[in-house]
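Each chain is listed here by its residues.
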Amino acid sequence: MRFRHPDGSTVHLAYCTNVHPAETLDGVLAQLRDHCEPVRRRLGRDRLGIGLWLAKDAALALVSDPSALRRLRTELDRRGLEVVTLNGFPYEGFGAEEVKYRVYKPDWADPERLEHTTALARVLAGLLPDDVTRGTISTLPLAWRTAYDDRRAETARTALVTLGERLDALQDLTGRDIRVGLEPEPGCVVETTGDALAPLAAIGHPRIGVCVDTCHLATSFEDPHTALDALTAAGVPVVKSQLSAALHAEHPHLPEVRAALAAFDEPRFLHQTRVATAAGLRGTDDLGEALSGDALPDAAPWRAHFHVPLHAAPAAPLTSTLPVLKSVLTRLAGGPEPLTHHLEVETYTWQALPPELRPRARNQLADGIAAELTLARDLLTDLDLKELP
């Protein structure tokens, strides 16, 4: 979906396909048929943006075989779909029964991460619509914190400097400007937007910036205005933003609230949980750990890294951080010029919801994704952006 900002530039809205498990090119092509095109039809649009997640094997197939890339591009066109952004965070296995800490491997100190991201950039340059010159990729925020030391930090910095050089060369070759954004996430070396400032200054490349995920920002209790002001002041580009909402518990000391939270404690993904205290942010790596005894103080609200559907906040006594998303989006798209031109709805946890809230069939999932995109579209038009055909 495309929107015209009052400054005349185009803002792209997509939804991320990491909600649909697929590790191979054939699986990706099936996604387009079974999920993406049905969502487009529900929205009544001739064209729908999707943020592709390409696992290692799919990316390798596309970058090593020009005919495979042409096949994907043709299929996108045939189904009324377009790609300007990729989710390069998960490397493989995101559809596994248990993902947890595996999603953070390989990290930016491992050579596989650089090679995979380079492959994604080359693929994206070939997938961009003919009238679009800039593409974006979100990526791991360096590493999970416990696997990082000074040696690995220097290796990661060198890899990202090399990536910047490769992106420069790619533009010289193709005319396509591909940018990569570190995506701050709770528990990682770069947990907050503030944590990104020093590493990005050390890298010092204009094509490498930040991907602002509004669920992650809310989970870490970052103030949207403070966060975005700091990025702007430091000259750090917001490469893209993922529109998502975290799980919010206002009164975690109450037994009924803990019972409601326990329904979201599931075995597939990590659900880092945070509470803001007078002494600073406290947290656990997973929701179950937070619910065990007194792991976290419970006199203040808790937030958990669980991407809940934008249009359907959990039932009381829980809610979502949709107000944080709205505040971020107002800053990103509501000013005299956009701070980013690429927005991506990213609720990948539909099948991790409590059983009674999960879509029971493919058509119900398509309905839910379309409803999320409708909400995001309405937020953008409320900011005086005009939806384009």
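Quick caveat: nothing in here was measured; it's all calculated off a predicted structure.

1. Section: the overall build of the protein
So, point 1. Each helix and strand counted, the protein has 12 helices and 15 strands in total.
So, point 2. For 389 residues, the compact-globule estimate of 2.2 N^0.38 gives 21 Å, and the C-alpha radius of gyration of the protein, at 20 Å, lies within 12% of that figure.
So, point 3. Relative to its 389 residues, the protein shows a buried fraction of 60%.
So, point 4. In the protein, 80% of the contacts between residues at least 6 apart in sequence involve partners at least 24 apart.
So, point 5. If you sum the accessible surface of the protein, you get close to 14900 Å²; carbon and sulfur atoms cover 51% of it.
So, point 6. Averaged over its 41 positive side-chain charges, the protein has a centre that lies 5 Å from the centre of its 54 negative ones.

2. Remarks on helix α6 (residues 193-203)
So, point 1. The complete set of buried residues in α6 reads Thr193, Ala196, Leu200 and Ile203. Considered in projection along α6, the buried side chains sweep an arc of 60° and stay on one side of the axis. Within α6, the exposed residues directed more than 90 degrees away from the buried face are Ala198 and Ala201.
So, point 2. Its buried side turned inward, α6 meets α5 (150-174), β6 (177-182), β7 (208-213), α7 (214-219) and α8 (224-234).
So, point 3. Taken from the residues just after α6, Gly204 is the one with a positive phi, measuring 65°.

3. What to know about the packing of aromatic side chains
So, point 1. Throughout the structure, instances matching the rule amount to eight aromatic pairs.
So, point 2. Arranged with centres 5.2 Å apart and planes meeting at 90°, the rings of Phe264 and Phe306 form a pair that is edge-to-face. Placement of the pair is Phe264 in the loop between α9 (255-262) and β10 (273-277) and Phe306 in strand β12 (residues 302-308), with a sequence separation of 42 residues.
So, point 3. Take Phe264: its relative accessible area is 5%, and that puts it in the buried class.

4. Digging into helix α12 (residues 362-382)
Counting along an α-helix, one turn takes 3.6 residues, and residues three or four places apart therefore face a common direction.
So, point 1. Compared with an ideal rise of 1.5 Å per residue, which puts 21 residues at 30 Å, α12 spans 30 Å between its outermost C-alpha atoms and is within 8% of the ideal.
So, point 2. All of the buried residues along α12 are Leu365, Ala366, Gly368, Ile369, Ala370, Glu372, Leu373, Leu375, Ala376, Arg377, Leu379 and Leu380.
So, point 3. After α12 finishes, the residue Asp384 shows a positive phi value of roughly 75°.

5. Some points on the environment of Gly51
So, point 1. Within the secondary structure, Gly51 sits in strand β3 (residues 48-53).
So, point 2. Separated by 34 residues in the primary sequence, Gly51 and Thr17 place their C-alpha atoms 6.1 Å from one another.
So, point 3. Filtering out sequence-adjacent residues up to four positions away, Gly51 remains in contact with Ala14, Tyr15, Cys16, Thr17, Thr85 and Glu344.

6. Details of the sheet that holds strand β9 (residues 245-249)
Each strand in a sheet pairs with another by means of backbone hydrogen bonds, the pair being arranged parallel or else antiparallel.
So, point 1. Pairing in this open sheet of five strands is antiparallel, and the strands run β11-β10-β12-β9-β13 from one edge to the other. Among the strands making up the open sheet, the edge pair consists of β11 (280-284) and β13 (318-320). Across the sheet, the mean angle separating the axes of adjacent strands is 30° when strand polarity is ignored.
So, point 2. Bridge count for β9 against β12 is four bridges, and the pairing is antiparallel. Note on β12: the bridge partner recorded for Leu247 is Ala304.

Parameters at a glance
- Throughout this description, residue numbers start from 1 for each chain and increase along the sequence as written.
- Where totals are concerned, whole chains, interfaces and linings use all residues; where local detail is concerned, this predicted model gives features only for residues with pLDDT of at least 70, and gives and counts side-chain atom pairs only at 80 or more.
- The side-chain numbers reported here are obtained from all heavy atoms of the structure, hydrogens and water having been left aside.
- Working definition: helices are DSSP H or I runs of at least four residues, strands are E runs of at least two. Numbering for both runs from the N terminus.
- Between the two quantities, the radius of gyration covers C-alpha atoms and the globule rule is 2.2 Å times the number of residues to the power 0.38.
- Only protein chains enter the calculation, and the probe is 1.4 Å; a residue is then buried if its accessible area is under 20% of its type maximum, exposed if over 50%, and partly exposed in between.
- What makes two residues a contact is simply this: any of their non-hydrogen atoms within 4.5 Å.
- Note on areas: Shrake-Rupley, 1.4 Å probe, and residue coverage restricted to the protein chains presented here.
- By the counting scheme adopted, Arg and Lys are positive, Glu and Asp are negative, and His together with the chain ends is not counted.
- Every charge is mapped onto a representative atom, which is NZ of Lys, CZ of Arg, CG of Asp or CD of Glu.
- Read the arc as the range of directions from the helix axis to the C-beta atoms.
- Two rings belonging to Phe, Tyr or Trp (six-membered ring only in the last case) form a pair when the distance between their centres is within 6.5 Å. Interplanar angles under 30 degrees mark stacking, angles over 60 mark edge-to-face geometry, and anything in between is tilted.
- One fewer than the residue count of a helix, multiplied by 1.5 Å, yields its expected span.
- Strand pairing is assigned whenever DSSP identifies at least 2 bridges connecting the two strands.
- All axes are obtained by fitting lines to C-alpha atoms, using only the stretch in contact for helices, and the reported angles, taken between N-to-C directions, cover 0 to 180 degrees.

Note that every value here comes from positions in space, so none of it alone points to a role or purpose.
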